[in-house]
Amino acid sequence: MTHKLTTSYLEDSLSLFHFYKKLGGRSMEQVTDKQLFTVLDQEMNSIAIIVKHMAGNMRSRWTDFLTSDGEKPDRNRDTEFEFPPGTREALMKLWDEGWNYVFAALEPLSDSDLNRTVTIRGEPHSVMQAINRQVAHYSYHCGQIVFLAKHFQNKQWKSLSVPRGKSAEFNH
């Protein structure tokens, strides 16, 4: 991720969200269709389930972000961990739709919105706190996606940052 000096919290947050969307997307590009749906054991989630959960969370948190609770009454979180979309195409559509909720909610905001109060599960948060909460949540799940994709691809994995043994080449 290219770093740019900025004093805008919103700009930095949007940059992070774009970075994690790209990180997860580039990881999913490297796995086979079958690997998107593979679970390592009964307690693990597949990449597809993680994407379904993230998209459900994104829809709930960011729809009517400033005016309604971030836990929408029609969200059934438990079902996000069952029956993912059946194809790569449907999964990637869900991935993009989820991120579209994030960007549509954040891009119109201004710095004056950061101290406004929003609720998540009935608990008040400043807009900044709500954004921080979701940056942490999505980075956690994107890390899971990267971990699984890297596990599945093993020696065929193409590094998303500095490849092993190449650190000296990246020190300028």
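Read on for a plain summary of the structure.

Basis of the calculations
Residues numbered from 1 in each chain as written. Predicted model: local features only at pLDDT ≥ 70, side-chain atom pairs only at ≥ 80, totals over all residues. Heavy atoms only, no water. Helix = DSSP H or I, 4+ residues; strand = E, 2+ residues; numbered from the N terminus. Rg over C-alpha atoms; globule rule 2.2 N^0.38 Å. Buried < 20%, exposed > 50% of the residue type's maximum accessible area, 1.4 Å probe, protein only. Lys, Arg positive; Asp, Glu negative; His and termini not counted. Charge placed at Lys NZ, Arg CZ, Asp CG, Glu CD. Pairing = 2+ DSSP bridges. Axes fitted to C-alpha atoms, helices over the stretch in contact; angles between N-to-C directions. Parallel < 35°, antiparallel > 145°, perpendicular 65-115°, else oblique. Left-handed = near helix turned anticlockwise from the far one by under 90°. Contact = heavy atoms within 4.5 Å. Nonpolar A, V, L, I, M, F, W, Y, C, P; charged D, E, K, R; others polar. Phe/Tyr/Trp six-rings, centres within 6.5 Å; stacked < 30°, edge-to-face > 60°. Polar contact = N/O pair within 3.5 Å; in protein donor to acceptor, adjacent residues only side chain to side chain.

Some words on the overall build of the protein
Phase 1 of the analysis: Across its full length, the protein holds six helices and two strands.
Phase 2 of the analysis: What you see in the protein, going N to C, is helices and strands ordered as α-α-α-α-β-β-α-α.
Phase 3 of the analysis: A compact globule built from 172 residues would reach a C-alpha radius of gyration of about 16 Å, and the protein, at 17 Å, matches this within 12%.
Phase 4 of the analysis: Projecting the C-alpha coordinates of the protein onto the three principal axes gives extents of approximately 50 × 45 × 25 Å.
Phase 5 of the analysis: Burial analysis of the protein (172 residues in total) assigns 41% to the buried set.
Phase 6 of the analysis: Put simply, the protein has 21 plus and 21 minus side-chain charges, and the middle of one group is 7 Å from the middle of the other.

Here's the deal with the pairing of strand β2 (residues 123-126)
Phase 1 of the analysis: Where strand β1 (residues 117-120) meets β2, four bridges bridge the pair, whose relative direction is antiparallel. Pairing of Thr 119 across the sheet is with Pro 124, part of β2.
Phase 2 of the analysis: Where β1 folds back on β2, the antiparallel hairpin that results is connected by two residues, among which Arg 121 adopts a positive phi of roughly 55°.

Notes on the packing of helix α4 (residues 88-106) against helix α5 (residues 127-153)
Phase 1 of the analysis: At a closest axis distance of 13 Å, the pairing of α4 and α5 adopts a crossing angle of 160°. One way to sum up the angle between α4 and α5 is to call them roughly antiparallel. The handedness of the crossing between α4 and α5 is left-handed. Of the residues in α5, those touching α4 at Trp 95, Trp 99, Val 102 and Leu 106 are Ile 131, Tyr 138, Cys 142 and Ile 145.
Phase 2 of the analysis: Here the residues of the contact of α4 with α5 sort into eight nonpolar, no polar and no charged.

Observations concerning the packing of aromatic side chains
Phase 1 of the analysis: A full pass over the atoms with the stated rule returns eight aromatic pairs.
Phase 2 of the analysis: Where Trp 62 meets Phe 65, the ring centres are 4.7 Å apart and the plane angle is 40°; that geometry is what we call tilted. Take Trp 62 and Phe 65: they sit in the same class, and that class is buried.
Phase 3 of the analysis: For the pair Trp 99 and Tyr 138, a centre-to-centre distance of 5.7 Å together with 70° between the ring planes defines the contact as edge-to-face. With Trp 99 in helix α4 and Tyr 138 in helix α5, the pair connects residues that are 39 residues apart, well separated along the chain. An identical accessibility class is assigned to Trp 99 and Tyr 138; each is buried.

A closer look at the environment of Thr 38
Phase 1 of the analysis: Note on placement: Thr 38 falls in the loop between α2 (33-36) and α3 (47-62).
Phase 2 of the analysis: Setting aside its immediate chain neighbours within four residues, Thr 38 contacts Ser 46 and Phe 152.
Phase 3 of the analysis: Polar contacts involving the side chain of Thr 38 include one to the main-chain carbonyl oxygen of Lys 34, which spans 2.9 Å.

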